[in-house]
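Descriptive structure summary
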Amino acid sequence: MISSKSVSGLNGHDFTRGVMPRVKSGRFYSYVLRGSAVLFSAVLVLFVWSIIRQSWPAWSHSGLSIITGTNWAPADSQFGALPLILATLITAGVALLFAVPIGIGTALTLNYIVPPRIASPLTVLVELLAAVPSVVYGLWGLNVLVPWMSTTIQPWLAGLTSGGWPFSGNAIGLGLVLASTVLSIMVLPTIVAISRDVIAAVPRDLIEGALSLGATRSQVLLKVVVPSAKIGLLGAVSLGAGRALGETVAVAMVIGSSPSMPHSLFSLGSTLASTIATQFIDSSPQQLAALGALAMILMFLTASVNAIARALVQRGVKG
Amino acid sequence: MTDLLAKLPPDPLLERRRVVQLMSQKTQRARSLRSGLFLSLLVSALMVAIIPLFFVCAALVQRGFKVLSWGFLTQVPQQPTLMQQDTIGGVGNAIIGSLVVDGVAALVAVPLGIILGLYLSETQSRPATALRSITEIMTGLPSILLGVFAYVYLVLNMHAFTGFAGAMALALLMTPVITKAAETALRNVPRTLTEAGLALGARQSKVSLKVVLPVAAPGIITGVLLALARAIGETAPLLLVMGASIQYEWNPLHPMSALPLMTFNYSSAAYDSQHAAAWGVAIVLVAIVLILNVMSRLVAAFMRRERH
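Re the overall build of chain A
A tally of helices and strands in chain A yields 14 helices and two strands. C-alpha extents for chain A along the principal axes are approximately 100 × 65 × 30 Å. Residue burial in chain A is summarised as follows: out of 319 residues, 50% are buried. The long-range fraction of contacts in chain A, counting pairs at least 24 apart against all pairs at least 6 apart in sequence, stands at 75%. Counting only carbon and sulfur atoms, one obtains 67% of the accessible surface of chain A, whose full area is about 15000 Å².

This is the structure we're talking about:
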């Protein structure tokens with residue numbers, strides 16, 4: 001009879017070695033890998049810290065009145081960012097109003113309607129839309145869209161409400177409407193790309209089941225595909241929102257740079273990001289701190305939107 | 001046969017099927033009409049999505065090409081005066097600036113991104129998962145925040161606007177993109193290759209560097225090219241930290257100019273000739289970005305052919 005002790009310790013031999021071979025990992029190699037991971041994490045911490053540090057004097061000086069104040073006048077040391085926050089939210093919101101239906105529609109078309117042979121070059125075109133640098137969109141908006149906006153689109157919009165809210169004021173091209181238009185083009189590729197992944201993850205059985213019951217293609221898309229991809233599509237929209245909230249240069253070029261409270265969609269404005277971009281150089285230390293506070297608000301806004309979006313998309317793709 | 005069927009008691013299932021069929025026949029025309037309408041709506045959404053690309057390209061070609069010349073690409077800029085409104089010189093300084101800044105950024109971001117990709121693809125620990133989610137969130141953060149970061153640590157400490165600070169901001173922008181691409185490419189390498197290597201007695205490091213990395217190389221190269229394309233067009237962080245130079249400036253420790261900055265500045269400049277030059281710079285920029293994109297696609301297509 002063999003005691004359990006003698007089995008496990010037979011000649012001091014470790015039986016698990018036969019089952020699970022030890023992999024020599026190379027100590028230097030694993031140090032390099034882990035070291036760079038630690039280094040990068042440290043840089044990320046420093047990144048967040050840099051923005052907190054830059055904004056700290058502003059928070060300790062003005063407190064939460066930075067968020068609630070309505071007057072952004074650096075020359076008078078007034079740093080109320082509410083108009084900027086509102087303009088950021090409005091432009092992103094209006095941009096999504098157009099980009100979401102068009103983006104999801106495009107994704108559905110590419111995945112289900114157009115044959116793959118045609119869909120793949122079309123997909124490349126949509127992806128190229130994302131490759132165009134934002135400064136080029138800004139330039140295009142400034143030189144091509146402004147005249148078109150002020151002579152055609154804005155008078156037409158004003159006619160819709162006969163000059164009332166939200167299309168009141170002078171039609172000068174620049175302003176919130178133009179910024180929203182440019183933004184909607186810029187976030188479109190993001191929404192399309194993520195929506196396609198999410199839609200592609202809808203189980204084939206569901207679609208075939210609906211088809212075999214005699215549903216038309218539109219019924220399949222509207223009543224099966226979209227509802228079952230709902231969460232992931234929401235994630236795609238949130239990712240687009242994150243991009244729209246943080247877009248800087250193109251918005252700075254077309255929004256008219258005026259930090260006043262937005263009264264209508266025709267008014268000029270400034271977003272959080274565009275204000276940082278246009279005022280950072282040649283600022284007093286006090287104003288730099290206030291701009292740091294804007295950066296911190298922006299970071300908080302976009303990081304939370306992105307985190308939510310990632311979680312939604314992951315749930316959507318896993319099904 | 002028919003008599004026999006008629007004598008049978010009516011089958012409730014068959015009866016229901018008949019009713020359903022009748023109903024569906026009745027609504028079929030309306031449903032297929034509605035379906036057709038909806039599908040054409042979807043197709044028009046696709047067209048609306050692509051139209052801006054053509055408008056942008058048309059504007060670029062129409063306004064940008066007439067400015068382009070050898071001198072425009074190689075000379076340094078000149079300030080137009082009231083007397084000579086059309087002397088704008090060239091953008092050679094910005095081309096060199098972009099080259100140096102993006103080169104330095106790539107020098108940092110490419111190795112770091114690949115190493116991080118290796119780490120994330122080989123590690124399942126909790127810190128690795130956390131790092132992965134944080135890098136993913138990083139890719140969605142507005143690039144201007146990276147400009148603030150570079151300003152606080154590099155510009156303030158070096159007491160100067162430098163190309164180096166811009167390069168570091170861009171490196172931080174590129175690293176998550178490369179990391180993500182590298183991790184995906186490395187994970188897609190068949191596990192059997194790794195196991196074969198390990199079974200031959202090679203160390204994990206040797207297997208990773210000599211077996212897995214070469215197989216994943218096309219995917220990683222694709223990621224690097226796309227990250228470069230994104231960095232070259234990036235304006236916002238450079239705006240805060242680079243300053244400007246109107247000379248040929250090769251030293252990244254000095255203020256520098258870059259192509260996107262040049263476009264941005266010219267677009268709001270005083271003279272018409274400068275506005276025209278903005279389009280010239282833009283077309284150079286878009287051409288570079290397009291070339292990088294096409295290259296990345298070619299690499300990806302090459303990889304797919306190799307597999308099959």
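So, the interface of chain A and chain B
On the side of chain B, 74 residues touch chain A, which itself brings 77 residues to the contact. Taking both partners together, chain A and chain B bury about 6500 Å²; carbon and sulfur atoms supply 79% of that area. Between chain A and chain B we count two salt bridges in total. Along the contact surface separating chain A from chain B lie eleven residue pairs in polar contact (both at pLDDT 80 or more). Broken down by element, the residue count for the side of chain A that touches chain B peaks at 18 residues, all from helix H3 (residues 27-62) of chain A. Among the residues making up the side of chain A that touches chain B, the classes are represented as 52 nonpolar, 19 polar and six charged.

Things to note about the nonpolar core
Of all hydrophobic cores here, the largest spans 196 residues; its most connected members are A:Phe47, A:Val136, A:Tyr137 and B:Met174. With 15 residues, the single largest contributor to this core is helix H8 (residues 176-200) of chain A. The residues contacting A:Val136, other than those within four sequence positions of it, are B:Val56, B:Leu60, B:Ala282, B:Leu285 and B:Val286.

Side note on the environment of A:Ala311
Within the secondary structure layout, A:Ala311 lies in helix H14 (residues 285-318). With 110 residues separating them in the primary sequence, A:Ala311 and A:Ala201 have C-alpha atoms 16 Å apart.

Topic: the environment of A:Ala277
Tracing the backbone shows A:Ala277 in helix H13 (residues 272-279). The exposure class assigned to A:Ala277 is buried, which follows from its relative accessible area of 6%. Placed 28 residues apart in sequence, A:Ala277 and A:Val249 show a C-alpha to C-alpha distance of 7.2 Å. For A:Ala277, the contacting residues outside a window of four places in its chain are A:Thr248, B:Ile144, B:Leu239 and B:Leu240.

Details of H8(A)
Residue and element names in this part refer to chain A. Over its 25 residues, H8 extends 35 Å from the first C-alpha to the last, a length consistent with the 36 Å expected when each residue adds 1.5 Å. Of all the bends in H8, the greatest, near 35°, is centred on Val 187, and the proline Pro 189 appears no more than four residues after it. Most of H8 sits out of view: 20 of its 25 residues are buried.

Focus on the pattern of salt bridges
Summed over the entire model, instances satisfying the criterion amount to eight salt bridges over all chains. Linking B:Glu136 and A:Arg310 is a salt bridge whose minimum nitrogen-to-oxygen distance equals 3.6 Å. Of the two residues, B:Glu136 is situated in helix H5 (residues 126-140) and A:Arg310 in helix H14; the pairing between them involves two chains. Using a relative accessible area of 24% as the deciding quantity, one classes A:Arg310 as partly exposed. Linked through salt bridges whose partners overlap, the residues forming this network are A:Arg310, B:Glu136 and B:Lys180.

A word on the environment of A:Val249
By the element assignment, A:Val249 lies in helix H12 (residues 249-254). Under the relative-accessibility criterion, A:Val249 is labelled buried at 2%. Spatially, the C-alpha atom of A:Val249 lies 9.7 Å from that of A:Leu139, the residues being 110 residues apart in sequence. Apart from residues no more than four positions distant in its own chain, A:Val249 is found in contact with A:Ser134, A:Val135, B:Thr235, B:Ala236 and B:Phe264.

Here's the deal with the side chain of B:Thr123
Within the fold, B:Thr123 resides in the loop between helix H4 (92-122) and H5. Polar contacts involving the side chain of B:Thr123 include one to the main-chain carbonyl oxygen of B:Tyr119, which spans 2.5 Å.

Description of the confidence of the model for chain A
Overall, the predicted model of chain A reaches an average pLDDT of 88, with 92% of residues at or above 70. Overall, residues 1-18 of chain A carries pLDDT values under 50, and its contacts beyond four positions in sequence, including any with other chains, amount to five contacts.

The rules we used
- Residues numbered from 1 in each chain as written.
- Chains lettered and ligands numbered in written order.
- Predicted model: local features only at pLDDT ≥ 70, side-chain atom pairs only at ≥ 80, totals over all residues.
- Heavy atoms only, no water.
- Helix = DSSP H or I, 4+ residues; strand = E, 2+ residues; numbered from the N terminus.
- Buried < 20%, exposed > 50% of the residue type's maximum accessible area, 1.4 Å probe, protein only.
- Contact = heavy atoms within 4.5 Å.
- Areas by Shrake-Rupley, 256 points an atom, 1.4 Å probe, with all protein chains shown as cover.
- Buried area = accessible area lost by both parts, 1.4 Å probe.
- Salt bridge = Lys/Arg side-chain N within 4 Å of Asp/Glu carboxyl O.
- Polar contact = N/O pair within 3.5 Å; in protein donor to acceptor, adjacent residues only side chain to side chain.
- Nonpolar A, V, L, I, M, F, W, Y, C, P; charged D, E, K, R; others polar.
- Core = buried A, V, L, I, M, F, W, Y, C linked by side-chain atoms within 4.5 Å.
- Expected span 1.5 Å × (residues − 1).
- Bend = angle between axes of the 7 residues up to and from the residue.
- pLDDT = per-residue confidence, 0-100.

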